[in-house]
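Residues per chain, in single letters:
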Amino acid sequence: MSQFQSYDAMYRARVGLAPGPVFALLGVLSAVYFAITGTVWAVTGEFTRLGGHVVEGLGADVHAWQYYQEVTTLDGSPVDRTDGWIVIAMLAGSLIAALYAGDFRLRLPPLKRRFAQALAGGIIAGFGARLAYGCNLAAMFTGIPQFSLHAWIFTAATALGTLVGVHLIKQRWWRGPTRPVPVTLGTPGPAGGSPKKKATHRSIASVVVLSLVAAALVYVTTGRGMLSVAIVFGTVFGILIQRGQICFTAAFRDLWVTRKTKLNDALILGLAAAVITTWLVLQIGGMDPLIKPAGIGTVIGGVLFGLGIIMAGACETGMMYRAMEGQTAAVVAFVGNVIGATVLAYGWDHWGIYATLVAPSPAFNFYQAWGPWPALILSLVLLGLWAAAVRPLRQSRHERVRVSTETELVR
């Protein structure tokens, strides 16, 4: 398996933040962000724009692509967009948290093939995410609270994709020779390292904090307050995902590999908090929920996304905070995600993806179609059914030792 997977439990134990409360706080904050800005917490849409800027810089006329005309635009640069600052600030927030906690160390994977696997997984996940109009954030964590049918289809398809991915990474040809991971690569030293290194890291973190504050103040004084809001929320999101080690890949993968449901239960708790808070926002603010097409493109995109994040070893949030911890394979997965999203943008019209997989799909929203209370009740019931469905997967105390042993053998 990817080197990320062997770090999950170790880092979570070090961080000491229970995933349930972190997921719940993220759910509430994402709803508040929606209330203020009218848009959702998302990242892959900006990845697609970033890829578009790169391709444009190479001389291509990407503005002629249908995707950049109808789905999103390339106006300005990332620092001119709220989504751009969400990505920048999430990376910065994760770096700040990692530096202050002593979690930053340059890490190379024990097997060099992990770089190729991370790149391939990132490309597949990025392509699938944009085909489904969002990743684990926009098409799941903030999509379900928006009461959009496409988010539920995407989530179910992602679960299936992760199951396929788990079977893939168990193959001997994928995981390569089994050998112990050197302590210098797989086990972080004492938090913060030496006093000198700890002081250096905290100085760097302080510079990053001051830079973010300065940028936020500039935008406030120049009448672009929404960009300041994005900086604040993005930074908080980044800090929380790093301190809580929030990775949706692990939430699904644990179901199939170790039969542990702790992260999955935490994800459901966070979704419930987001659903209730978003419902209140819609009621009080008189806003309309977001809605996306729900059809075969959503299914294919979700399966590809689930497969890709298992291959890469991390979802978008996971690869972002891990890259800021110094995990080099996560950086490669991040680059792959941008590439995959950009390839989808090209194929949107050039390969007929939109006309074949997206255009025939209807857009359906429970809140708009059935009203506030039925949408709220249905969403909470579905979350309850989700929790009940995974409960039988929980391993017994006797099985825990056996499964743990089997898991180590495939890492």
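Residues numbered from 1 in each chain as written. Predicted model: local features only at pLDDT ≥ 70, side-chain atom pairs only at ≥ 80, totals over all residues. Heavy atoms only, no water.

A. Quick peek at the packing of aromatic side chains. Under the defined criterion, the tally for this structure stands at 26 aromatic pairs. For the pair Phe-47 and Phe-334, a centre-to-centre distance of 4.9 Å together with 70 degrees between the ring planes defines the contact as edge-to-face. Placement of the pair is Phe-47 in helix 3 (residues 44-57) and Phe-334 in helix 17 (residues 328-350), with a sequence separation of 287 residues. The pair formed by Phe-47 and Phe-334 is uniform in burial state, with each residue classed as buried. Seen from their ring centres, Trp-348 and Tyr-354 are 5.4 Å apart, and the 35 degrees between their planes marks the pair as tilted. A network of ring pairs unites the aromatic residues Trp-65, Tyr-67, Tyr-68, Tyr-133, Tyr-346, Trp-348, Trp-351 and Tyr-354 as a single cluster. (Phe/Tyr/Trp six-rings, centres within 6.5 Å; stacked < 30°, edge-to-face > 60°. Helix = DSSP H or I, 4+ residues; strand = E, 2+ residues; numbered from the N terminus. Buried < 20%, exposed > 50% of the residue type's maximum accessible area, 1.4 Å probe, protein only.)

B. Structural context of the nonpolar core. One finds Leu-267 and Trp-386 to be the most contacted residues of the largest nonpolar core, which totals 96 residues. It is helix 14 (residues 262-285) that contributes the most residues to this core, 10 residues altogether. Once residues lying within four places of it in the same chain are set aside, the contact partners of Trp-386 are Ile-144, Trp-152, Thr-155, Phe-252, Asn-264, Leu-267, Ile-268 and Leu-271. With 13 residues, the next largest nonpolar core counts Leu-74, Tyr-133, Leu-344 and Trp-348 among its residues. (Core = buried A, V, L, I, M, F, W, Y, C linked by side-chain atoms within 4.5 Å. Contact = heavy atoms within 4.5 Å.)

C. Structural view of the pattern of salt bridges. Enumeration over the complete set of coordinates arrives at six salt bridges. Its salt-bridge partner being Glu-46, residue Arg-81 comes within 2.6 Å of it at the nearest N-O pair. With Arg-81 in the loop between helix 4 (67-70) and helix 5 (82-101) and Glu-46 in helix 3, the pair connects residues that are 35 residues apart, well separated along the chain. Each member of the pair, Arg-81 together with Glu-46, is buried. Residues joined in a network through salt bridges with shared partners are Glu-46, Arg-49, Arg-81 and Asp-83. (Salt bridge = Lys/Arg side-chain N within 4 Å of Asp/Glu carboxyl O.)

D. Region of interest: the environment of Leu-290. Positionally, Leu-290 belongs in the loop between helix 14 and helix 15 (296-312). Remark: the alpha-carbon pair of Leu-290 and Phe-147, spanning 143 residues in sequence, is separated by 8.1 Å. For Leu-290, the contacting residues outside a window of four places in its chain are Val-40, Gln-146, Ser-148 and Asn-365.

E. Seen up close, helix 13 (residues 248-257). Of all 10 residues in helix 13, nine are buried, a share of seventy percent or more. Looking one or two residues beyond helix 13, the residue adopting positive phi is Arg-259, at roughly 60 degrees.

F. Molecular detail of the packing of helix 8 (residues 149-169) against helix 13. Contact geometry of helix 8 with helix 13 gives a least axis separation of 9 Å together with a crossing angle of 55 degrees. Judged on the interaxial angle alone, helix 13 and helix 8 are oblique. Where helix 8 crosses over helix 13, the two elements pack in a sense that is right-handed. Packed against helix 8, whose contacting residues are Thr-155, Thr-158, Ala-159, Thr-162, Leu-163 and Val-166, the element helix 13 presents Phe-252, Arg-253, Trp-256 and Val-257 at the interface. When its residues are assigned to classes, the contact of helix 8 with helix 13 shows six nonpolar, three polar and one charged. (Axes fitted to C-alpha atoms, helices over the stretch in contact; angles between N-to-C directions. Parallel < 35°, antiparallel > 145°, perpendicular 65-115°, else oblique. Left-handed = near helix turned anticlockwise from the far one by under 90°. Nonpolar A, V, L, I, M, F, W, Y, C, P; charged D, E, K, R; others polar.)

G. Just unusual backbone geometry, in detail. Unlike most non-glycine residues, Tyr-133 shows phi in positive territory, near 65 degrees. A residue is classified by how much of its surface remains accessible, and Tyr-133, at 14% relative accessible area, is buried. Phi at Arg-259 is positive, roughly 60 degrees, even though this residue is not glycine. Take Arg-259: it is sitting in the loop between helix 13 and helix 14. Overall, the relative accessible area of 24% leaves Arg-259 in the partly exposed class.

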